[in-house]
Amino acid sequence: MAATTYERLKLHITPEKFYVEACDDGADDVLIIDRVSTEVTLSVKKDIPPSAVTRPIFGILGTIHLVAGNYLIVITKKKKIGEFFNHVIWKAIDFDVLSYKKTMLHLTDIQLQDNKTFLAMINHVLSVDGFYFSTTYDLTHTLQRLSNTSPEFQEMSLLERADQRFVWNGHLLRELSAQPEVHRFALPVLYGFITMHSCSINGKYFDWILISRRSCFRAGVRYYVRGIDSEGHAANFVETEQIVHYNGSRASFVQTRGSIPLYWSQRPNLKYKPLPLINKVANHMDGFQRHFDSQIIIYGKQVIINLVNQKGSEKPLEQAFATMVSSLANGMIRYIAFDFHKECKNMRWDRLSILLDQVAEMQDELSYFLVDSDGKVVTNQEGVFRSNCMDCLDRTNVIQSLLARRSLQAQLQRLGVLHVGQKLEEQDEFEKIYKNAWADNANACAKQYAGTGALKTDFTRTGKRTQLGLIMDGWNSLIRYYKNNFSDGFRQDSIDLFLGNYSVDELESHSPLSVPRDLKFLALPIIMVVAFSMCIICLLMAGDTWTETLAYVLFWGVASIGTFFIILYNGKDFVDAPRLVQKEKID
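Just so you know, these numbers come straight off a predicted model, no measurement behind them.

**Regarding the packing of aromatic side chains**
Working step 1: By the definition in use, this model includes 19 aromatic pairs.
Working step 2: Each ring, one from F84 and one from Y137, has its centre 4.7 Å from the other, and the planes form 75 degrees; the classification is edge-to-face. In this pair, F84 sits in strand β7 (residues 69–84) while Y137 sits in the loop between β9 (131–133) and α2 (143–147), placing the two residues 53 residues apart along the sequence.
Working step 3: Overall, the relative accessible area of 2% leaves F84 in the buried class.
Working step 4: Measuring from ring centre to ring centre gives 5.9 Å for W208 and F430, while their planes differ by 85 degrees; the resulting arrangement is edge-to-face.

**Looking at the packing of helix α10 (residues 394–415) against helix α11 (residues 428–449)**
Working step 1: Put simply, α10 and α11 touch, their axes get as near as 10 Å, and they point 145 degrees apart. Once α10 is placed against α11, the crossing between them reads as right-handed. On the side of α10, the interface is formed by N397, Q400, S401, A404, R405 and L408, while α11 contributes F430, E431, Y434, K435, W438, N441 and A442.
Working step 2: Looking at the contact of α10 with α11 residue by residue, the class counts come to six nonpolar, four polar and three charged.

**Details of the pairing of strand β8 (residues 87–99)**
Residues in a regular strand project their side chains so that they alternate between the two faces of the sheet.
Working step 1: Where β7 meets β8, twelve bridges bridge the pair, whose relative direction is antiparallel. Opposite I73, over in β8, you have V97 as the bridge partner.
Working step 2: Hairpin connection from β7 to β8: two residues lie between these consecutive antiparallel strands, with F85 at a positive phi of about 55 degrees.

**Brief notes about the side chain of D24**
Working step 1: Relative to the elements of secondary structure, D24 occurs in the loop between β2 (17–22) and β3 (29–34).
Working step 2: Despite its burial, D24 pairs with no opposite charge, the nearest such side chain being R184 at 4.7 Å.
Working step 3: One polar contact links the side chain of D24 to the main-chain amide nitrogen of E7, over a distance of 3.1 Å.
Working step 4: Residues within four places of D24 in sequence aside, it is in contact with T5, Y6, E7 and R8.

**With respect to the sheet that holds strand β5 (residues 53–57)**
Working step 1: Spatial ordering of the open sheet is given by β4-β3-β2-β1-β5, a layout of five strands whose pairing is antiparallel. Of all the strands in the sheet, the pair left with one neighbour each is β4 (40–44) and β5. The mean angle between the axes of side-by-side strands here comes to 25 degrees, regardless of whether they run parallel or antiparallel.
Working step 2: Where β3 lies against β4, five bridges are found, and the strand directions are antiparallel. Looking at β4, one finds that D29 is bridged to V44.

**Digging into the pairing of strand β1 (residues 9–13)**
Working step 1: In the sheet, β1 pairs with β5 via five bridges, with the strands oriented antiparallel. Residue L9 lies in a different strand from β5, and its bridge partner there is I57.
Working step 2: For β1 and β2, the ladder comprises five bridges, and the chain directions are antiparallel. When the bridges of β2 are listed, H12 appears paired with Y19.

**Points about the pattern of salt bridges**
For side chains of opposite charge, pairing can occur when their charged atoms come near one another.
Working step 1: Applying the stated criterion to the full structure yields 26 salt bridges.
Working step 2: Between D391 and R226 there is a salt bridge, with its nearest N and O atoms 2.8 Å apart. With D391 in the loop between β20 (383–388) and α10 and R226 in the loop between β11 (204–214) and β12 (238–246), the pair connects residues that are 165 residues apart, well separated along the chain. Side by side, D391 and R226 carry an identical accessibility label, which is buried.
Working step 3: Two residues, D394 and R480, come together in a salt bridge whose shortest N-O distance is 3.2 Å. With D394 in helix α10 and R480 in helix α13 (residues 467–486), the pair connects residues that are 86 residues apart, well separated along the chain.
Working step 4: Judged by its relative accessible area of 7%, D394 falls in the buried class.
Working step 5: The buried category is assigned to R480, whose relative accessible area is 2%.

**Observations regarding the state of the cysteines**
Working step 1: Considering all chains together, one arrives at zero disulfides under this definition.
Working step 2: With no disulfide of its own, C392 lies 5.5 Å from the sulfur of C389, the closest cysteine sulfur.
Working step 3: For C392, a relative accessible area of 0% corresponds to the buried category.

**Quick look at helix α1 (residues 109–127)**
Working step 1: In this model, α1 (19 residues) spans 27 Å end to end at C-alpha, consistent with the 27 Å of a helix rising 1.5 Å per residue.
Working step 2: Taken together, the buried positions of α1 are D114, N115, T117, F118, M121, I122, V125 and L126.
Working step 3: Against the buried residues of α1 lie β6 (59–66), β7, β8, β9 and α14 (488–499).

**Structural notes on the side chain of Q255**
Working step 1: One can find Q255 in strand β13 (residues 249–257).
Working step 2: Using a relative accessible area of 1% as the deciding quantity, one classes Q255 as buried.
Working step 3: At 3.0 Å, the side chain of Q255 forms a polar contact with the backbone oxygen of Q400.
Working step 4: In this structure Q255 touches V238, E239, T240, F385, Q400, L403, A404 and W438, once residues within four positions along its chain are discounted.

**Thoughts on the nonpolar core**
Working step 1: Core analysis: the biggest nonpolar cluster contains 66 residues, and F84, F206, W208, L352, L412 and F430 have the highest contact counts within it.
Working step 2: For this core, the leading source of residues is α10, giving eight residues.
Working step 3: Excluding its chain neighbours within four sequence positions, the residues that come into contact with F206 are H197, S198, C199, S200, I201, V244, H245, Y246, L412, V417 and F430.
Working step 4: The next biggest cluster of nonpolar side chains, apart from the first, holds 40 residues, and it includes I64, A68, I122 and L187.

**Details of the packing of helix α9 (residues 352–366) against α10**
Working step 1: Between α9 and α10, the least distance of the axes is 11 Å, while the angle of their chain directions is 50 degrees. By the angle class used here, α9 and α10 are oblique. Two packed elements cross with a definite hand, and for α9 against α10 that hand is right-handed. Packed against α9, whose contacting residues are L352, L355, L356, V359, A360, Q363 and D364, the element α10 presents V398, I399, L402, L403, R406 and S407 at the interface.
Working step 2: Residues belonging to the contact of α9 with α10 are distributed by class as follows: nine nonpolar, two polar and two charged.

Thresholds applied
- Residues numbered from 1 in each chain as written.
- Predicted model: local features only at pLDDT ≥ 70, side-chain atom pairs only at ≥ 80, totals over all residues.
- Heavy atoms only, no water.
- Phe/Tyr/Trp six-rings, centres within 6.5 Å; stacked < 30°, edge-to-face > 60°.
- Helix = DSSP H or I, 4+ residues; strand = E, 2+ residues; numbered from the N terminus.
- Buried < 20%, exposed > 50% of the residue type's maximum accessible area, 1.4 Å probe, protein only.
- Axes fitted to C-alpha atoms, helices over the stretch in contact; angles between N-to-C directions.
- Left-handed = near helix turned anticlockwise from the far one by under 90°.
- Contact = heavy atoms within 4.5 Å.
- Nonpolar A, V, L, I, M, F, W, Y, C, P; charged D, E, K, R; others polar.
- Pairing = 2+ DSSP bridges.
- Lys, Arg positive; Asp, Glu negative; His and termini not counted.
- Salt bridge = Lys/Arg side-chain N within 4 Å of Asp/Glu carboxyl O.
- Polar contact = N/O pair within 3.5 Å; in protein donor to acceptor, adjacent residues only side chain to side chain.
- Disulfide = S-S within 2.5 Å.
- Expected span 1.5 Å × (residues − 1).
- Core = buried A, V, L, I, M, F, W, Y, C linked by side-chain atoms within 4.5 Å.
- Parallel < 35°, antiparallel > 145°, perpendicular 65-115°, else oblique.

What follows is the structure in structure tokens.
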């Protein structure tokens, strides 16, 4: 079986069945999905009834079971990102979620409402930018992994050979994956960020590509998914690969990011920065070792760059991470702590060179992957930098972009694109492309995890920290605060449903969506708003007797402030918490 999926598809809909027709040259296959029995079969074009309603689609994302029954999710709009070694890479732009059922009359009012909420969750995940695919190329593996494969691997379908960490529709494709004969209809979709640019330096043209692959294991949103799980999967784990293609030669540099691999949490509670809590009873070494055992198998040596603060609430995490590395005593792991905020305070971002100088020899030792135009492997990358801060977003992305530039400098010199003594920083046109691409990568990763664009992207785009950048960071921080406290429960539930961490059972006697809110959740915010409003009204309608006015202002002022502190004290009761999957309790 060739490692491709069908590129051109038509969806034919009848009341009884979905027919997905392969329209590639020479193809006669038709995937038939029975809307009543849910059976999936392979047939030929002559079996499509002429009465069917027809529309073009660009891929099957998969199927999911909700309260009303099964739904088929298809890609209805795509955008070409570029070509990758003669393989076209697409971004999925729009989707359609189609019910198998023709009517909802079999549902109660509560079931209808639950089904509507579940549909909103699926549509929310699909609305967040970042789904990519190719019908002819395996986007889930790095160049180095693909260069070291067997003939049997090359003959596998894209779904079979894909790195399951990065197949975000793996759960949705479970029914198709069980039937190898229909795998050419099963499209593995990556979630993260991809950008491709044709560039020129010294009149020499090359392709420069940046790919970030977000893991679907321990996936979720900022404050509800931290640390690791029992299998050693880290929250917000992203593999980022930078690729250069010049005159048939290909070079690649891979880095990873992921939450501090301990059992810890940081639940939202209306405070700007909730206190991180480390589990005091968990066997941290077990999960920690599982994490790094798998990382070493996949990537080789690990150079950890921990960018968290070495004082305040982040200090215990830094100390615990350092202690675990020391206790593990694995020669394949090196640990570097760099207090990003302390070193770069007062906008002294030039001091990042301290870290780069510190790891320069290690980076040369790790090297990069390079294969020449004849397909011969010249060098292998012997390990990766594993960077983290608290969120593995803003500080992490800045450092990754600097490390990637240093690797790219070496690669372009070796390929003969850069002359001896030339610096990438001096190539103004390419520098603009490079910096903007890494800033876009930061924004994509941040929106998927934290709900807003990244912070500190003014430095990534311009190489300087600016006052405007500080203002924009403040604005994004405010939006993050709101989303993390008042909408992230829904976002977490949406991801858990999409990835199959929660499965809908319409026979369930008690829906998790119907958990009643505590009365104070509604009452106290209303009291606070009313009290504050009355305070303002008393000031605006001040009469002749200022003593009386002042008394009213003091009364309503104290009432509003008092209510505010009651809410703050009971902060965890007012945040939007996940309802579908009970996250592990650390505190």
